[in-house]
Amino acid sequence: MNALRRFLNNGDINRFRLWFQLGAFGLLIYGGFLAMDIGNSLPTFSCVFVDSRAGACYLYPLQHQVNMPWSQFSGGRGIGLAVGLVTFFLFFVLFNKAWCGYACPLGTVQDWITKLRARLGIRYSLYANETFGRLKAIKYVLLALLILLPLGISNSLFGLPKLPRDLATSYCMICPGRTVLPLFTGDASQLAIDFSSRTMMALTGLGMAITGGFFAGAFVKKRFFCLFCPMSALQYAFSKAGLLRLTKQGAKCTRCGNCSRVCDVGIREIADDVTSRNIVQDDCMMCFKCVAACPESHCLAVTFLGMPVYEATAEGFMRRTKRRDNHG
Amino acid sequence: MDKERRERLIRTTGVHLAMEATETLRQVVEEFPDNPRAMDYFYDLFRAEYCGGGAKKNGAMRIGMLCVQAPEELIRAAGAVPVRLCSGSHAFDQAGAEFMPAKACSLVKATLGMLSLRTAGGAERLDLVVNPTTCEQKKKAGELLEDFGYRVHHLEMPPAKDSEEARIYWQRSVKKFAAVLEETTGVRITKQRLAKAIRTTGMARSAYRRLHELAKWPRPLIRGKDVMLVTNAYFFDDLDRWTAAVTELADEIEQRRETNLPGAGKHAPRILFTGSPPIFPNLKLPLLIEQAGGVIVVDEVCSSSRLLHDQVAYDEQALYDMVPAVADRVLKPCTCPVFLSSQDRVRRLLDLAASFAVDGVVYQSFAGCMPYALEQRSVGQALVNANIPMLSVETDYGPDDQGQLSTRVEAFIESLRGKARKRA
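Residues numbered from 1 in each chain as written. Chains lettered and ligands numbered in written order. Predicted model: local features only at pLDDT ≥ 70, side-chain atom pairs only at ≥ 80, totals over all residues.

Considering the overall build of chain B
Next, step 1: Secondary structure summary: chain B contains 16 helices and 8 strands in total.
Next, step 2: For 424 residues, the compact-globule formula gives about 22 Å, and the C-alpha radius of gyration of chain B, at 21 Å, lands near that figure.
Next, step 3: Across the 424 residues in chain B, those meeting the buried criterion constitute 53%.
Next, step 4: The contacts in chain B between residues at least 6 apart in sequence include a share of 75% that link residues at least 24 apart. (Helix = DSSP H or I, 4+ residues; strand = E, 2+ residues; numbered from the N terminus. Rg over C-alpha atoms; globule rule 2.2 N^0.38 Å. Buried ≥ 20, exposed ≤ 12 C-beta atoms within 10 Å, placed from the backbone. Contact = placed C-beta atoms within 7 Å.)

Let's talk about the sheet that holds strand β8 (residues 390–395) of chain B
Residues and elements named next belong to chain B.
Next, step 1: Ordered in space as β6-β5-β7-β8, the 4 strands form an open sheet in which the pairing is parallel. Both outer strands of the open sheet, β6 (295–300) and β8, are each paired with one neighbouring strand and no more. Going from strand to strand, the sheet's axes swing by 25° on average, the running direction of each strand aside.
Next, step 2: As paired strands, strand β7 (residues 360–366) and β8 are joined by 6 bridges and run parallel to one another. Along β8, the bridge assignment pairs Phe-366 with Thr-395. (Pairing = 2+ DSSP bridges. Axes fitted to C-alpha atoms, helices over the stretch in contact; angles between N-to-C directions.)

What to know about the domain arrangement of chain A
Residues and elements named next belong to chain A.
Next, step 1: Structurally, chain A comprises domain 1 (2–13 + 242–327) and domain 2 (17–235).
Next, step 2: When each unit is reduced to the centre of its C-alpha atoms, the spacing between domain 1 and domain 2 is 28 Å.
Next, step 3: Between domain 1 and domain 2, the contact holds 16 residues from the first and 21 residues from the second.
Next, step 4: For the side of domain 1 that touches domain 2, the residue count by class is 9 nonpolar, 2 polar and 5 charged. (Domains from an automatic or database assignment. Nonpolar A, V, L, I, M, F, W, Y, C, P; charged D, E, K, R; others polar.)

Details of the pairing of β6 of chain B
Residue and element names in this part refer to chain B.
Next, step 1: Counting buried positions over the 6 residues of β6 gives 6, a clear majority of the element.
Next, step 2: Across 5 bridges, strand β5 (residues 270–275) lies against β6 in parallel orientation. Within β6, the residue paired with Arg-270 across the bridge is Val-295.
Next, step 3: Handedness of the β5-helix α11 (residues 284–291)-β6 crossover: right-handed. (Right-handed = clockwise from strand over helix to strand, strands pointing away.)

Things to note about helix α2 (residues 40–51) of chain B
Residue and element names in this part refer to chain B.
Next, step 1: In this model, α2 (12 residues) spans 15 Å end to end at C-alpha, consistent with the 16 Å of a helix rising 1.5 Å per residue.
Next, step 2: Looking only at α2, the buried set comprises Phe-42, Leu-45, Phe-46, Glu-49 and Tyr-50. Within α2, the buried residues cover an arc of 100° as seen down the axis, which keeps them to one side.
Next, step 3: Residues of α2 that are buried sit in contact with α1 (3–30), α9 (224–233) and α10 (239–259). (Expected span 1.5 Å × (residues − 1). Arc of directions from axis to C-beta.)

Considerations on the pairing of strand β2 (residues 300–304) of chain A
Residues and elements named next belong to chain A.
Next, step 1: Looking at chain direction, strand β1 (residues 244–248) and β2 are connected through 5 bridges and run antiparallel. Bridge pairing in β2 places Thr-247 opposite Ala-301.
Next, step 2: Bridge count for β2 against strand β3 (residues 307–311) is 4 bridges, and the pairing is antiparallel. If you follow Phe-304 over to β3, its bridge partner there is Met-307.
Next, step 3: Taking the residues between adjacent antiparallel strands as the criterion, β2 and β3 are bridged by 2 residues, where Leu-305 takes a positive phi near 50°.

A closer look at unusual backbone geometry
Next, step 1: Residue Pro-281 of chain B is reached from Phe-280 of chain B by a cis peptide bond, and omega for that bond is 0°.
Next, step 2: Position of Pro-281 of chain B relative to the elements: it lies in the loop between β5 and α11.
Next, step 3: A positive phi angle, near 70°, is found at Phe-288 of chain A, a position not held by glycine.
Next, step 4: Of note, Phe-288 of chain A is situated in the loop between α14 (269–272) and α15 (289–293).

The structure is reproduced here in structure tokens:
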């Protein structure tokens, strides 16, 4: 057991993640060709606009399911909503936010863009602390809209007239997942502006602009889009219940900041917070690069049901440094 | 200073330095029965450096550091050898007294004295001196060095380390330092060279960490006076040779654990040493502690553990990420009292005390060293709250307080014996 643990802790989780992401990408984008279907409540961007997908992103059914009059919430359709939410929760709770770091196809695409940038020797950009604080609120606004807009189609909210039907899946219309992911199956049809109505024109126009921003942003900023992702906001609501966790022993921490400086989303708390045990933040995607970069034994750890799966160790840190330099 | 007087000063200081060094080495080597054999490398190294006129230096450029805060990885990547100049010599302290107020800190005065005479301790040939702007005395010392004729780079440091502003300021300052290094040595710092420097210094720290870990063993296996020689040797020794010697020492110590070779007794009080750095030949206080029967199992001083603990991590193998990474290493985890907050130092001390099963803490502050004197209260309070006794000592490089100190240290060690027995 100790030998196994040591082997794991000495391992390079970044390399493992690279291959895992590739596999997950293949499965979620092309799994349909093998007649795979893992349901409609996946806590990750397995986009419904990809025909060969192996399962669907939960945000799409969620928008449909809340699009009903208040009276039906207690009826059969309400049960549908509840079942969807519970299924989402069950999927999510298994791997927590690692769905973002290890499975999300849109996240993987951003990581590939980052690899390309690094290979070209172009430096990344960082957010200032304050900017970061302001921007991270956007995803909660998007999540609120994603639920309120469909609700406003079936109901009159705040005394306003009911909203047009075209807003039914408004978030999907502006999500870069819809425009980018089908490209991997040779389908460029989503890269267009829909002129069928004024609402659709506005939504798809915005979607095209966001797609442009997605590529440009991901090229200069690691995981640029993730900071705005409403799925990330929805997940964080349940993150405390996750079985997979990222934990920290504050007493072991020297606040050297290694974890924070390798963090793709630029989380500061991982280094500065020395009191929280469960250290997952709302922007965290549980890629666990921080654990690999931590030189203090047992300070940061990945646990599943309380059992350490991957822990920071001084030995593991040094092995990774050596290996990396040898591979250039 | 006229020439004749200067030569006389160089001669007498040289004699006094050799006497000091010989006496410290005698105590370190002969007064303890259980020296590891692998320590001979270090004993010989110090004998050669301080009593034998210094070892032959190879041809590489030598960059002096007035403090541990200069990122040595950059110096190595620029093809030069870093030499830490902080001196522990009373003879140099006296020579340096003419440049600083009487109440100034011994360490700064000794370093100035050494550099004004340019005779030993690494001061013979220096292509550049880096002066990180830490405490006020070092800042001013840097300016004096320019008057002595040295080429000095003042590496500007922020007064705090937690804020983003401080970190950005420091990273820019380090970037500028890298450019000065390239200009000095004529060698470009490339990502390959820097990666190699990060790896080799990382391996040295890794070797030291292993030795450090072994001190957690319930029965002390190595004494603090030896560990301090090992870490002091890092100031001037060849990096690869040092790493190999530390590895050999750690191997031997590991054997002791398995075969129960002699070490200090199980009931010896375990001490954590913190505060102003004990630098060879001034091992006065550490030696008194161990002569009185205590064992320094761990320390938190910038000449030893602080210097050799923290590691560099970078995300992308490119200079835009690696240079800030080596800058971060010396700023973020640093527990020097010149910074705004003492919280990290207190947390570090409490963690070390717990994980090394420490019975008591000895806090050294050099007379004249304000930062350490100022933090003594908050550190002491935190230790009291954690039920850890602390002896706080104000001293300098002079031998005058030896008698008084040994009485206090003996009493402190005696008072810990009951606790140590209960623990064992």
